[in-house]
Amino acid sequence: MRTIPIVAAAPPRFARTGIARFGDALRRHRGAIVALQWGVVLCYAVLVVVPAFMPLPEAGASIVSNLRLAAQFAFWGVWWPFVIVSIMALGRVWCGLLCPEGMLTELASRHGLGRSIPRWMRWPGWPLAAFALTTVYGQLVSVYEYPDATLLILGGSTVAAVAVGAIYGRGGRRVWCRYLCPVSGVFALLAKVAPLHYRADARQWQQYQGPRERVDCAPLLDLRHLASASDCHACGRCSDHRGAIALALRSPNREILAGGGASTAPAANNPWPARLLVFGLLGLAPGAFQWSASPWFVALKQGAAQWLIERGYDSLMFRDDLPWWLLTHQPDAGDVFSLLDGLAILAFLAAATLVLGGTTWLALRAAARLAGGLRWHELALALVPLAGAGLFLGLSMMTLSQLRAEGIVPGWVAPARIALLAAGAAWSAWLGARLVAQHAPALPRRVAAWTCFMLPVALSVWVWARFFFPSR
Ligand code: SF4
């Protein structure tokens, strides 16, 4: 009897959709991207350095007529809030195509010493530690208000990025971005809900017969198993590599419902991104945005002042001659923090982190336990949309206060804030319900677990609603 050989059908090549072809175009036009990056580096250098040596704006100056105000608006009114939006909408295109710090560290690493990356640098807690340190320090020196503080923090970060690239970099790798950048961890969390990502087809990869080209993936990713948008800088350099990688659309829920999109066990077992989300974005960040207008902060400071006066420590606590790079000291602007101010800010931020973050963490652990088989750090990722909405609301306060100073007062701010907060909360609530349902088939457990999960959602909504609408 004649046997018929079984021939495996060749896997269908990734359809080069319009989106995939856009990714291919990014790969082909590296020269144009590099030119764009140099343009951003130039603008960044001017806006970071020059305003730090300018005098205070005169009365009546505006963002159109004064470079100092223009730079403040560019960094904190436009750049920060809209980078957050772009990452949730498009993935980390800011990192891959525009970020001046990423570009400079990559350039340094092309001529770097290529030393092996030390173990301390690989510690997975750096994204949380770097975010917390930068946020707290930024509040102490009033980074949003003063260009010398901006130069110190942004410029210092850029110098550190270049130094890390020069020492540990090799062949265009972004060691700084991968391990130490203070906002990389935040971007990695927000990118989990981006509806665009580069993905690899494992079968196509395996069956590829063409020439073996090397791709310089700046964040050092395993291209063969590319699935998550978290660490990918969306630079397009690997698009169509081995005919297996393409820029593609996906459901914005997919990565979180798949347990954080962790295609590899080490990523799935890493609780640090969830710690950053819970204690950093849902704890420390609201505290940092709200302390200056909080009645609790005023009460804390008054109580501490009273206590210190009664014990005779007033001369030490009320001294306000610390250098501006340690604590805000801008006498020309009439803005000087005393030691008591600094300690009260630290205490308020620590309390916000512990109370908001700690409550969220406990509720998530209880919810995950009730659901059974679900890890708290996987469930925590369902809070990414709400955290992203909170970040945007906090950062857009700078945008609005700067616009108000220009006489531009949009009338739709309150309804837009309510809509954004409601959308973030509803999206997180739905993701939480889906994750719980995947693990808890019995209805009573499912309801109990989801109720626990909803506690941090309600807490976060209350914190923002109370802040924006204090009389309601
Ligand atoms: S995987 Fe690497 S090379 Fe590919 S787009 Fe992302 S950052 Fe660029």
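Keep in mind it's a predicted model, so treat the numbers as computed, not measured.

**Structural notes on the overall build of the chain**
Turning to step 1, where the next piece is worked out: Assigned secondary structure in the chain consists of 20 helices and 4 strands.
Turning to step 2, where the next piece is worked out: The globule rule puts the C-alpha radius of gyration for 472 residues at 23 Å, and the 24 Å found for the chain is close to it.
Turning to step 3, where the next piece is worked out: Taken along the three principal axes of its C-alpha coordinates, the chain extends 105 × 60 × 45 Å.
Turning to step 4, where the next piece is worked out: When each of the 472 residues of the chain is scored for burial, the buried share is 51%.
Turning to step 5, where the next piece is worked out: If you take every contact in the chain between residues at least 6 apart in sequence, the share linking residues at least 24 apart comes to 81%.
Turning to step 6, where the next piece is worked out: Surface accessibility of the chain: about 22,500 Å² in total, with carbon and sulfur atoms responsible for 66%.
Turning to step 7, where the next piece is worked out: Separation between the mean location of the 41 positive side-chain charges and that of the 22 negative ones in the chain comes to 17 Å.

**Remarks on the environment of Leu374**
Turning to step 1, where the next piece is worked out: Along the polypeptide, Leu374 turns up in the loop between α16 (339-371) and α17 (376-380).
Turning to step 2, where the next piece is worked out: Residue class for Leu374 comes out buried when judged on its relative accessible area of 7%.
Turning to step 3, where the next piece is worked out: Through-space distance from the C-alpha of Leu374 to that of Ala440 is 8.8 Å; in sequence the pair is 66 residues apart.
Turning to step 4, where the next piece is worked out: Contact partners of Leu374, with chain neighbours within four places excluded, come to Ala368, Leu379, Leu435, Val436 and His439.

**Focus: the side chain of His233**
Turning to step 1, where the next piece is worked out: Residue placement: His233 occurs in the loop between α10 (202-207) and β2 (245-249).
Turning to step 2, where the next piece is worked out: The class for His233 is buried, based on a relative accessible area of 4%.
Turning to step 3, where the next piece is worked out: Not counting residues up to four positions away in its chain, the partners in contact with His233 are Arg92, Val93, Cys95, Gly96, Arg174, Cys177 and Pro219.

**Topic: a nonpolar patch on the surface**
Turning to step 1, where the next piece is worked out: A cluster of nonpolar side chains, contributed by Val46, Val49, Val50, Phe53 and Leu67, occupies part of the molecular surface with about 410 Å² of accessible area.
Turning to step 2, where the next piece is worked out: Note on placement: Leu67 falls in helix α3 (residues 67-90).

**A look at the nonpolar core**
Turning to step 1, where the next piece is worked out: If you look at the biggest cluster of nonpolar residues, it comprises 94 residues, and the most contacted ones within it are Phe187, Leu277 and Phe289.
Turning to step 2, where the next piece is worked out: Sorting elements by how many residues they give to this core places helix α13 (residues 272-290) first, with 10 residues.
Turning to step 3, where the next piece is worked out: Ignoring sequence-local partners within four residues, the contact set of Leu277 consists of Leu189, Leu282, Ala380, Leu381, Leu383, Val384 and Ala387.
Turning to step 4, where the next piece is worked out: Leu97, Val215, Leu221 and Cys232 belong to the second largest nonpolar core, which has 18 residues in total.

**Overview of the packing of aromatic side chains**
Turning to step 1, where the next piece is worked out: All chains considered together, the criterion is met by 22 aromatic pairs.
Turning to step 2, where the next piece is worked out: Here the aromatic rings of Phe289 and Trp464 are separated by 6.1 Å at their centres, their planes lie at 45°, and the arrangement is tilted. Linking Phe289 in helix α13 with Trp464 in helix α20 (residues 443-468), this pair joins segments that are 175 residues apart in sequence.
Turning to step 3, where the next piece is worked out: Three or more aromatic residues link up through ring pairs in this structure, and these residues are Tyr44, Phe75, Trp76, Trp79, Trp80, Trp94, Tyr144 and Phe187.
Turning to step 4, where the next piece is worked out: Lying over the aromatic face of Trp272, Arg275 brings its terminal NZ or CZ to 4.5 Å of the ring centre.
Turning to step 5, where the next piece is worked out: Sitting above the plane of the Trp296 ring, Arg466 keeps its charged end 4.3 Å from the centroid.

**Topic: the environment of Gly357**
Turning to step 1, where the next piece is worked out: As for its placement among the helices and strands, Gly357 is situated in helix α16.
Turning to step 2, where the next piece is worked out: The exposure class of Gly357 is buried, given its relative accessible area of 0%.
Turning to step 3, where the next piece is worked out: C-alpha of Gly357 to C-alpha of Arg404: the two residues are 47 residues apart in sequence and 32 Å apart in space.
Turning to step 4, where the next piece is worked out: The contacts of Gly357, once residues within four sequence positions are left out, are Val278, Phe279, Gly283 and Ala352.

**With respect to helix α1 (residues 18-28)**
Residues separated by three or four positions in an α-helix point in the same direction, a consequence of the helix having 3.6 residues per turn.
Turning to step 1, where the next piece is worked out: What α1 keeps buried is the set Ala20, Gly23, Asp24 and Leu26. The arc that holds every buried residue of α1, seen down its axis, measures 155°, which confines them to one face. Turned more than 90 degrees from where α1 packs its buried face, Phe22 and Arg28 sit exposed.

**Thoughts on the packing of helix α14 (residues 295-310) against α16**
Packed helices, taken two at a time, are described by the angle their axes make and the gap between the axes.
Turning to step 1, where the next piece is worked out: At a closest axis distance of 10 Å, the pairing of α14 and α16 adopts a crossing angle of 130°. When the axes of α14 and α16 are compared, the pair comes out oblique. Note on packing geometry: the crossing formed by α14 with α16 is right-handed. Seen from α14, the contacting residues are Trp296, Phe297, Leu300, Lys301, Ala304, Ala305 and Leu308; seen from α16, they are Leu340, Asp341, Ala344, Ile345, Ala347 and Phe348.
Turning to step 2, where the next piece is worked out: Considering only residue class, the contact of α14 with α16 consists of 11 nonpolar, no polar and 2 charged.

**Comments concerning the environment of Arg115**
Turning to step 1, where the next piece is worked out: Along the chain, Arg115 turns up in the loop between α5 (100-110) and α6 (126-140).
Turning to step 2, where the next piece is worked out: Residues Arg115 and Gly169, spaced 54 residues apart in sequence, show a C-alpha to C-alpha distance of 7.2 Å.

**Overview of the side chain of Arg250**
Turning to step 1, where the next piece is worked out: With respect to the element layout, Arg250 can be found in the loop between β2 and α11 (254-257).
Turning to step 2, where the next piece is worked out: Classification of Arg250 by relative accessible area gives buried; the value is 8%.
Turning to step 3, where the next piece is worked out: A polar contact of 3.1 Å, which involves the side chain of Arg250, links it to the backbone oxygen of Ala191.
Turning to step 4, where the next piece is worked out: At a separation of 3.3 Å, a polar atom in the side chain of Arg250 contacts the main-chain carbonyl oxygen of Lys192.

Here is what the cut-offs are and how they apply
Residues numbered from 1 in each chain as written. Predicted model: local features only at pLDDT ≥ 70, side-chain atom pairs only at ≥ 80, totals over all residues. Heavy atoms only, no water. Helix = DSSP H or I, 4+ residues; strand = E, 2+ residues; numbered from the N terminus. Rg over C-alpha atoms; globule rule 2.2 N^0.38 Å. Buried < 20%, exposed > 50% of the residue type's maximum accessible area, 1.4 Å probe, protein only. Contact = heavy atoms within 4.5 Å. Areas by Shrake-Rupley, 256 points an atom, 1.4 Å probe, with all protein chains shown as cover. Lys, Arg positive; Asp, Glu negative; His and termini not counted. Charge placed at Lys NZ, Arg CZ, Asp CG, Glu CD. Patch = residues over 30% accessible without salt bridge, like charges linked within 9 Å, V, L, I, M, F, W, Y side chains within 5 Å. Salt bridge = Lys/Arg side-chain N within 4 Å of Asp/Glu carboxyl O. Core = buried A, V, L, I, M, F, W, Y, C linked by side-chain atoms within 4.5 Å. Phe/Tyr/Trp six-rings, centres within 6.5 Å; stacked < 30°, edge-to-face > 60°. Lys NZ or Arg CZ within 6 Å of the ring centre and 35° of its normal. Arc of directions from axis to C-beta. Axes fitted to C-alpha atoms, helices over the stretch in contact; angles between N-to-C directions. Parallel < 35°, antiparallel > 145°, perpendicular 65-115°, else oblique. Left-handed = near helix turned anticlockwise from the far one by under 90°. Nonpolar A, V, L, I, M, F, W, Y, C, P; charged D, E, K, R; others polar. Polar contact = N/O pair within 3.5 Å; in protein donor to acceptor, adjacent residues only side chain to side chain.

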